[in-house]
Amino acid sequence: IKPGAPVNLAGRKVGQVTKLFSPVPLSQRPEGKPEYEALVEIKVNDAAGVYKEVSVTLSQFGLLGEFVIDLTSGDAASGTAPEGYHFIGTRSPDISQFMAETLETIQPVAEEAKLTLEQLRATADNLQKLTDENSNFNATMERMKELGDNLVRLSAEEGPLWSAVGKFDSLTGDLNHISSDLVAKDTINLTLQSVRGAVGDLEKTSATLNSTVEDLGPGLSETVRNAAQATDTLKRQPWRLVWPGTKKYPEDKADYLKDGVPVRRAIPVN
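Residues numbered from 1 in each chain as written. Predicted model: local features only at pLDDT ≥ 70, side-chain atom pairs only at ≥ 80, totals over all residues. Heavy atoms only, no water.

Q: When you look at the overall build of the protein chain in this model, what are you seeing that I'm missing?
A: Within the protein chain, the regular secondary structure consists of four helices and eight strands. Overall, the protein chain shows an N-to-C arrangement of helices and strands of β-β-β-β-β-β-α-α-α-α-β-β. In the protein chain, buried positions account for 11% of the 270 residues. The contacts of the protein chain with a sequence gap of at least 6 include a subset with a gap of at least 24, amounting to 43%. (Helix = DSSP H or I, 4+ residues; strand = E, 2+ residues; numbered from the N terminus. Buried < 20%, exposed > 50% of the residue type's maximum accessible area, 1.4 Å probe, protein only. Contact = heavy atoms within 4.5 Å.)

What follows is the structure, given as structure tokens:
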């Protein structure tokens with residue numbers, strides 16, 4: 001801003017800038033605002049009615065227009081400002097400040113966009129390596145192509161697959177023919193009848209063996225008893241191998257009747 005710049009009150013001109021002081025000594029700066037370095041002296045019409053509590057803004061009209069001091073939002077209850085009264089003013093964002101704020105807003109987005117572009121570049125490099133002439137992807141695709149060619153050859157009209165299918169059909173036909181013959185000739189029933197006959201013969205043989213064992217039972221029991229007595233005699237009286245008449249059996253005292261006559265049982269001598 002320059003001396004002579006207009007001073008507006010609620011949009012109408014009521015005065016102008018008379019002097020500029022910059023920098024202002026620290027002792028003369030507003031309390032709590034040590035960064036306020038400039039003092040602008042203005043002169044307004046007495047009839048303007050500038051209040052003590054008013055918003056003072058340094059603004060610029062138009063993109064490249066002149067700077068003005070604009071007084072707005074006055075509070076009548078505060079009373080009219082006397083001569084030499086100080087106001088704390090603010091500056092409206094101009095194009096440079098607007099650009100700086102815009103850059104501050106855009107910078108994170110730009111950084112993220114830069115990172116995204118780097119990732120896209122890395123992805124493009126990886127895709128280039130993946131689709132390279134000697135890459136694993138191309139080798140895999142070649143193998144897939146070979147697999148497809150092999151499947152085509154296998155499934156061809158005269159290929160091995162059709163040959164195997166033909167052999168399977170032939171085998172199925174032979175099995176059907178064999179099963180038909182078995183059903184027609186009643187081979188299964190004949191085989192079952194033969195098995196039943198063999199089982200009947202086994203049952204007859206088993207019955208014969210049981211009868212024979214029953215007939216031999218008493219004799220075998222007597223033989224076993226005699227063997228047990230001989231073993232006992234040999235263990236207790238081995239001299240009887242030389243003098244067999246020294247052992248007495250309980251049966252020797254038993255009598256039985258033969259034609260009504262008591263007879264004593266004889267002791268056999270070996």
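On we go from here.
Q: For this particular structure, what's the right way to read the packing of aromatic side chains?
A: Given two aromatic rings, their pairing is described by the distance between the two centres and the angle made by the two planes. Counting across every chain of the model gives one aromatic pair. Note on Y85 and F87: the rings are 5.1 Å apart at their centroids and 65° apart in plane angle, and the pair reads as edge-to-face. Look at Y85 and you get partly exposed, because its relative accessible area is 36%. (Phe/Tyr/Trp six-rings, centres within 6.5 Å; stacked < 30°, edge-to-face > 60°.)

Q: Explanation requested: the sheet that holds strand β3 (residues 39–44) in the structure shown.
A: Within a beta sheet, neighbouring strands are joined by backbone hydrogen bonds and run either parallel or antiparallel to one another. Taken together, six strands build an open sheet; the order of strands is β3-β2-β1-β5-β4-β6 and the sheet is mixed. In this open sheet, the two edge strands, each paired with only one partner strand, are β3 and β6 (90–91). Where strand β1 (residues 6–9) lies against strand β5 (residues 67–72), three bridges are found, and the strand directions are parallel. The residue of β5 that forms the bridge with V7 is I69. (Pairing = 2+ DSSP bridges.)

Q: Whenever I open this one, the environment of V68 confuses me. Can you help?
A: Of note, V68 is situated in strand β5. Its relative accessible area of 2% is what places V68 among the buried residues. Note: C-alpha distance between V68 and V7 (61 residues apart in sequence) is 5.9 Å.

Q: So what exactly am I meant to see when it comes to the side chain of S59 here?
A: Locating S59 in the fold gives a position in strand β4 (residues 55–60). Taking relative accessible area as the criterion, S59 reaches 14% and is therefore assigned buried.

Q: So what exactly am I meant to see when it comes to the side chain of T57 here?
A: Here T57 shows up in strand β4. We classify T57 as buried; its relative accessible area is 16%. Here T57 is in contact with V68, I69, D70, T90 and S92, once residues within four sequence places are set aside.

Q: For this particular structure, what's the right way to read a nonpolar patch on the surface?
A: Side chains of I1, L20, V40 and I42 sit close together on the surface and give an oily, nonpolar patch of about 250 Å² of accessible area. The topology assignment puts I42 in strand β3. (Patch = residues over 30% accessible without salt bridge, like charges linked within 9 Å, V, L, I, M, F, W, Y side chains within 5 Å. Areas by Shrake-Rupley, 256 points an atom, 1.4 Å probe, with all protein chains shown as cover. Salt bridge = Lys/Arg side-chain N within 4 Å of Asp/Glu carboxyl O.)

Q: Is there a simple way to think about the nonpolar core in this case?
A: Nonpolar side chains tend to gather and get buried jointly when the protein is soluble and globular. Counting residues in hydrophobic clusters, the biggest one holds 12 residues: A5, V7, L9, V14, V17, A48, V50, V54, V56, L58, I69 and L71. Among the secondary structure elements, those contributing two or more residues to this core are β1, β2 (12–21), β4 and β5. Non-local contacts of V56, meaning those with residues more than four positions away in its chain, are made with I69, D70, L71, F87, I88, G89 and T90. (Core = buried A, V, L, I, M, F, W, Y, C linked by side-chain atoms within 4.5 Å.)

Q: Would you mind showing me how to read the pairing of β5 here?
A: Look at any regular strand and the pattern is simple: side chains alternate between the two faces of the sheet. Looking at chain direction, β4 and β5 are connected through six bridges and run antiparallel. Of the residues in β5, the one forming a bridge with T57 is D70.

Q: Please clarify how unusual backbone geometry should be interpreted in this entry.
A: Look at the link from S22 to P23: it is a cis peptide, with omega at 0°. A positive phi angle, near 55°, is found at A10, a position not held by glycine. The topology assignment puts A10 in the loop between β1 and β2. In this model, S73 sits at a positive phi of 55°, which is unusual for a non-glycine residue. Mapped onto the fold, S73 is located in the loop between β5 and β6.

Q: Explanation requested: the environment of S92 in the structure shown.
A: Within the secondary structure layout, S92 lies in the loop between β6 and α1 (95–130). Given the relative accessible area of 24%, S92 is considered partly exposed. It is 7.6 Å that separates the C-alpha atoms of S92 and Q60, two residues lying 32 residues apart in sequence.

Q: Would you take a moment to explain the confidence of the model for the protein chain for this structure?
A: Caution is warranted with low-pLDDT regions, since their predicted coordinates should not be read in detail. With 66% of its residues at a pLDDT of 70 or more, the protein chain shows a mean pLDDT of 76. When the elements of the protein chain are averaged for pLDDT, strand β7 (residues 255–258) gives the smallest value, 54, and β3 the largest, 93. (pLDDT = per-residue confidence, 0-100.)

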